[in-house]
Amino acid sequence: MFSNLKSAIQKVTSKTTEEDEYKGEDVQAVIILLLEACQIDGETGQVELDYIKKLLVNKFGFNEKDANDNISKALEDSEQRIEIFSQIKVILNEMNHEERIEVIQMMWGVILADGVIDDFEANLMRRMNGLLYVSGVESAAAKENAITQLK
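Residues numbered from 1 in each chain as written. Predicted model: local features only at pLDDT ≥ 70, side-chain atom pairs only at ≥ 80, totals over all residues. Heavy atoms only, no water.

Caption draft 1: Spotlight on the packing of helix α2 (residues 25-39) against helix α5 (residues 85-94). Between α2 and α5, the shortest axis-to-axis distance is 9 Å and the interhelical angle comes to 130°. Considering their axes alone, α2 and α5 lie oblique with respect to each other. Taken as a pair, α2 and α5 cross one another with a handedness that is left-handed. Here α2 contributes Glu25, Asp26, Gln28, Ala29, Val30, Ile32 and Leu33 to the contact with α5, which in turn contributes Gln87, Ile88, Val90, Ile91 and Glu94. Looking at the contact of α2 with α5, its residues break down into seven nonpolar, two polar and three charged. (Axes fitted to C-alpha atoms, helices over the stretch in contact; angles between N-to-C directions. Helix = DSSP H or I, 4+ residues; strand = E, 2+ residues; numbered from the N terminus. Parallel < 35°, antiparallel > 145°, perpendicular 65-115°, else oblique. Left-handed = near helix turned anticlockwise from the far one by under 90°. Contact = heavy atoms within 4.5 Å. Nonpolar A, V, L, I, M, F, W, Y, C, P; charged D, E, K, R; others polar.)

The following block contains the structure:
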């Protein structure tokens, strides 16, 4: 299911130069969407950042340093980013439908990590469902899976 994503992650983590360390558009697009879910409520909570780091380490095989570096780089870049639609396009071009559902599930996990779903977060997920062509039923199942994983 994550074959394309895993191969891209391996490309990113196998780079030797610092300049190449942050390449891999699809991986970075996922990280940016996860950070968007983390920050949409106006706060960048440590619980949510820790959850993102855990995803990068456990799901994608990043080591702790690479996970921290990629999160830090994406956070720095987020101050200059004015839109996320280019990231959506990367995900649509690089990932199949099941992988996009997994991205929705990861986003739900980030949102649920602090135990609160506010209106901004709920709105973001509705928009992401439409933009990533994930149905409401698939998103609800992804949310339930995220809840189960958090327990």
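Caption draft 2: Inspection of unusual backbone geometry at higher detail. Of note, Tyr133 is a non-glycine position whose phi angle comes to about 60°, a positive value. Relative to the elements of secondary structure, Tyr133 occurs in the loop between α7 (119-131) and α8 (136-150).

Caption draft 3: Structural detail: the pattern of salt bridges. In the structure shown here, the tally under the stated rule is four salt bridges. Taking the shortest distance from any N to any O, the salt bridge between Glu102 and Lys59 comes out at 3.3 Å. One end of the pair, Glu102, is in helix α6 (residues 97-112); the other, Lys59, is in the loop between α3 (46-58) and α4 (64-78), with 43 residues separating them in the sequence. Owing to a relative accessible area of 11%, Glu102 belongs among the buried residues under this scheme. Residues Lys65 and Asp69 are paired through a salt bridge, measuring 2.6 Å at the closest nitrogen-oxygen approach. On the criterion of helical spacing, the pair formed by Lys65 and Asp69 is a turn pair, its members being four residues apart in helix α4. (Salt bridge = Lys/Arg side-chain N within 4 Å of Asp/Glu carboxyl O. Buried < 20%, exposed > 50% of the residue type's maximum accessible area, 1.4 Å probe, protein only.)

Caption draft 4: Local environment of α4. Between its first and last C-alpha, α4 extends 21 Å over 15 residues, near the 21 Å set by a 1.5 Å rise per residue. Within α4, the full set of buried residues consists of Asp66, Ala67, Asp69, Asn70, Ile71, Ala74 and Ser78. Measuring from the backbone nitrogen of Lys65 back to the side-chain oxygen at the start of α4 gives 3.1 Å, which picks out Asn63 as the cap. (Expected span 1.5 Å × (residues − 1). Polar contact = N/O pair within 3.5 Å; in protein donor to acceptor, adjacent residues only side chain to side chain.)

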